[in-house]
Amino acid sequence: MSDTVSAPDARLIIETGIDLRVAEMIEPVLMSMGYKLVRVRLSGQNGLTLQIMAERFDGTMTVDDCEKVSMAVSPVLDVEDPIDKAYHLEVSSPGIDRPLVRKSDFVAWQGHLLKCETSVLVDNRKRFRGKLVSAGEASFLVERDQPAYGEEPTIEIPYSALSDARLILTDDLIRDALKADKDAKAAAREAANENHSED
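Residues numbered from 1 in each chain as written. Predicted model: local features only at pLDDT ≥ 70, side-chain atom pairs only at ≥ 80, totals over all residues. Heavy atoms only, no water.

**Student:** Mind showing me how you'd approach the overall build of the protein here?
**Tutor:** Counting its regular elements, the protein contains four helices and eight strands. The order of helices and strands in the protein, counted from the N terminus, is α-β-β-α-β-α-β-β-β-β-β-α. Over its C-alpha atoms the protein spans a radius of gyration of 18 Å, differing by no more than 12% from the 16 Å that the globule rule assigns to 199 residues. Summarising its shape, the C-alpha atoms of the protein cover approximately 60 × 50 × 35 Å along the three principal directions. The 199 residues of the protein split such that 36% are buried. Counting contacts in the protein only where the partners sit at least 6 residues apart, residues at least 24 apart contribute 56% of the total. Total accessible area on the protein is roughly 11300 Å²; 51% of this is exposed by carbon and sulfur atoms. With 24 positive and 36 negative side-chain charges, the protein shows a spacing of 5 Å between the two charge centroids. (Helix = DSSP H or I, 4+ residues; strand = E, 2+ residues; numbered from the N terminus. Rg over C-alpha atoms; globule rule 2.2 N^0.38 Å. Buried < 20%, exposed > 50% of the residue type's maximum accessible area, 1.4 Å probe, protein only. Contact = heavy atoms within 4.5 Å. Areas by Shrake-Rupley, 256 points an atom, 1.4 Å probe, with all protein chains shown as cover. Lys, Arg positive; Asp, Glu negative; His and termini not counted. Charge placed at Lys NZ, Arg CZ, Asp CG, Glu CD.)

Right under this line is the structure:
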C-alpha cells in the first residue's frame, strides 16, 4: 500500500495481484480529487471489466462523480498499462448493499445486517451473517441471525481476520441509506452556500 494513504481510515480489505497494482496507481489520484477508493476488481464480465468502486468523503457518489473519476484514472491506467489485454473500465458507487472496507463503514452502519468472510477461522467458522451490533478499534461484534447449537449468539470478529464484508439489503437499510444520502447532500449544499456567501 502506498505511503500517501496511511490515513487513520485506511482500507481494511486490500486487493491482491493486478487489482492491488491498479489500486495503488489510482488511489492517490482519487484522494487528491476528494474521493475514497472502495474497491478495485478485474473480472471476466463482458470480456474483461475493471470495476473501480469509489465515493466522496461524505459518502455520496453521483453519475457525474463516476465520469470525473473515469476521466482522471484513464490516463494513469493508459500510461502505467497494468492490464495486458483489452478491458472495459467501469466506475461505480458502492451501492446500498455496499462492501464494508473501512472501520468508519462498520461504525456508520451499526444496527444493520451484514455478511462477512474471514481469512482464518474465528470460533470455528469463516462465514458469518447477522446484525452489526458494534464496531471498536480492533474488531466488530455481530449478533448471528442463526447461531448453530452451542454457538454464542454474538461473535467478535477482528478486522485483521476479514477477507470480505458487505451489507445485506433490507427495508431498514434502504431507508437509512437514502436518509444518509439526503443528509450528506444537504450538508454539501449548506457548505457550498457558506463558501459562496464568503466570496
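Here the narrative resumes.
**Student:** Would you explain the pairing of strand β6 (residues 139–144) in this entry?
**Tutor:** Within a regular strand, side chains alternate between the sheet's two faces. As paired strands, strand β5 (residues 125–135) and β6 are joined by five bridges and run antiparallel to one another. Looking at the pairing, Lys 131 lines up with Glu 143 of β6. Between β5 and β6, which pair antiparallel and follow one another directly, the connecting turn spans three residues. With five bridges joining them, β6 and strand β7 (residues 154–158) adopt antiparallel strand pairing. When the bridges of β7 are listed, Phe 140 appears paired with Ile 157. (Pairing = 2+ DSSP bridges.)

**Student:** Looking at this structure, I do not really get the packing of aromatic side chains. What am I missing?
**Tutor:** Aromatic ring pairs: the centre-centre distance and the angle between the two ring planes describe each pair. Evaluated as defined, the whole model comprises three aromatic pairs. Ring geometry for Phe 106 versus Tyr 159: centroids 5.4 Å apart, planes at 65°, classification edge-to-face. Here Tyr 159 lies in the loop between β7 and β8 (162–167) and Phe 106 lies in helix α3 (residues 103–108), a separation of 53 residues in the sequence. Side by side, Phe 106 and Tyr 159 carry an identical accessibility label, which is buried. A network of ring pairs unites the aromatic residues Phe 106, Phe 140 and Tyr 159 as a single cluster. (Phe/Tyr/Trp six-rings, centres within 6.5 Å; stacked < 30°, edge-to-face > 60°.)

**Student:** Sorry, what's going on with the nonpolar core here?
**Tutor:** A general trend in soluble globular proteins is that nonpolar side chains are found buried together. Core analysis: the biggest nonpolar cluster contains 21 residues, and Leu 100, Phe 106, Leu 114, Cys 116, Phe 140, Ile 157 and Leu 162 have the highest contact counts within it. Listed by contribution, the elements that provide at least two residues to this core are β4 (113–122), β5, β6, β7, β8 and α4 (171–198). Not counting residues up to four positions away in its chain, the partners in contact with Phe 106 are Leu 12, Leu 100, Leu 114, Leu 132, Ala 135, Phe 140, Tyr 159, Leu 162 and Ala 165. With 20 residues, the next largest nonpolar core counts Tyr 35, Leu 37, Val 69 and Val 73 among its residues. (Core = buried A, V, L, I, M, F, W, Y, C linked by side-chain atoms within 4.5 Å.)

**Student:** Any chance you could explain the pattern of salt bridges here in plain terms?
**Tutor:** Charged atoms that come close allow side chains of opposite charge to pair. Scanning the model with the defined rule gives 16 salt bridges in all. Ionic pairing is found between Glu 27 and Arg 11, a salt bridge with its closest N-O pair at 3.8 Å. In this pair, Glu 27 sits in helix α1 (residues 17–33) while Arg 11 sits in the segment before α1, placing the two residues 16 residues apart along the sequence. A salt bridge links Asp 176 to Arg 175, with the shortest nitrogen-to-oxygen separation between them at 3.1 Å. A relative accessible area of 49% places Arg 175 in the partly exposed class. (Salt bridge = Lys/Arg side-chain N within 4 Å of Asp/Glu carboxyl O.)

Purely spatial values, then, with no claim about function.
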